[in-house]
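Structural features, examined
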Amino acid sequence: MEAEAAKFIGAGLATLGMIGAGIGVGTLFSGFLQGATRNPSAAGGQFTNLILGAALTEALGILAFVLGLLILFS
């Protein structure tokens, strides 16, 4: 296998973390909405945790994207 082809495969595999981040954020918001509809009074207290969890999940997705770019262009 050529080195260039291996670089493309490695960059593609590194960016698979973005798919996981998308699934994670969807699951996070789904769980929040289900909990908020069951107990609306507790939704306000969990909103900060929701935003923090979404931000950390997206940060991991962005990190996977950056690593993929680093592999591709290095």
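Predicted model only: the values in this text are computed from it and were never measured.

Describing the overall build of the chain
What the chain contains, in helices and strands, is three helices and zero strands. Tracing the chain from N to C terminus, the helices and strands come up as α-α-α. Expected size for 74 residues packed as a compact globule is a radius of gyration near 11 Å; at 17 Å, the chain overshoots this value by more than 25%. At a minimum sequence separation of 6, the contacts of the chain that also span at least 24 residues come to 79%. With an accessible surface of roughly 5,200 Å², the chain has 74% of that area assigned to carbon and sulfur atoms.

Concerning the UniProt feature "transmembrane region" (unreviewed entry) in the chain
The UniProt record annotates "transmembrane region" (unreviewed entry) at residues 12–30 and 50–73. Strand forms 0% of residues 12–30 and helix 95%; the C-alpha atoms that close the span are 28 Å apart. Helix makes up 100% of residues 50–73 and strand makes up 0%, while its end C-alpha atoms are separated by 35 Å.

Considerations on the packing of helix α2 (residues 16–38) against helix α3 (residues 43–73)
At a minimum axis separation of 8 Å, α2 and α3 run at an interaxial angle of 170 degrees. Judged by the inter-axis angle, α2 sits roughly antiparallel to α3. From α2, Gly-17, Met-18, Ala-21, Gly-24, Val-25, Leu-28, Phe-29, Phe-32 and Ala-36 reach across to α3, where they touch Ala-43, Gln-46, Phe-47, Leu-50, Gly-53, Ala-54, Thr-57, Glu-58, Gly-61, Ala-64 and Phe-65.

A word on the packing of helix α1 (residues 3–14) against α3
If you want to describe how two helices pack, look at the angle between their axes and the distance between the axes. Where α1 contacts α3, the two axes come as close as 8 Å, and the packing angle between them is 175 degrees. Regarding the angle of α1 to α3, the classification is roughly antiparallel. Of the residues in α3, those in contact with Lys-7, Phe-8, Gly-10, Ala-11 and Ala-14 of α1 are Ala-64, Leu-67, Gly-68, Ile-71 and Leu-72. Taken together, the residues of the contact of α1 with α3 break down into seven nonpolar, two polar and one charged.

Some words on the environment of Glu-58
Turning to its location among the elements, Glu-58 is positioned in helix α3. Among residues more than four places away in sequence, those in contact with Glu-58 are Ala-21 and Val-25.

Section: α3
In a regular helix each residue adds 1.5 Å, so 31 residues correspond to 45 Å; α3 covers 44 Å between its end C-alpha atoms and thus fits that length. Along α3, the residues classified as buried are Ala-43, Leu-50, Gly-53, Ala-54, Gly-61, Ala-64 and Gly-68. Elements that come into contact with the buried residues of α3 comprise α1 and α2.

What counts and how
Residues numbered from 1 in each chain as written. Predicted model: local features only at pLDDT ≥ 70, side-chain atom pairs only at ≥ 80, totals over all residues. Heavy atoms only, no water. Helix = DSSP H or I, 4+ residues; strand = E, 2+ residues; numbered from the N terminus. Rg over C-alpha atoms; globule rule 2.2 N^0.38 Å. Contact = heavy atoms within 4.5 Å. Areas by Shrake-Rupley, 256 points an atom, 1.4 Å probe, with all protein chains shown as cover. UniProt positions renumbered as here; feature names shortened; annotations may be inferred. Axes fitted to C-alpha atoms, helices over the stretch in contact; angles between N-to-C directions. Parallel < 35°, antiparallel > 145°, perpendicular 65-115°, else oblique. Nonpolar A, V, L, I, M, F, W, Y, C, P; charged D, E, K, R; others polar. Expected span 1.5 Å × (residues − 1). Buried < 20%, exposed > 50% of the residue type's maximum accessible area, 1.4 Å probe, protein only.

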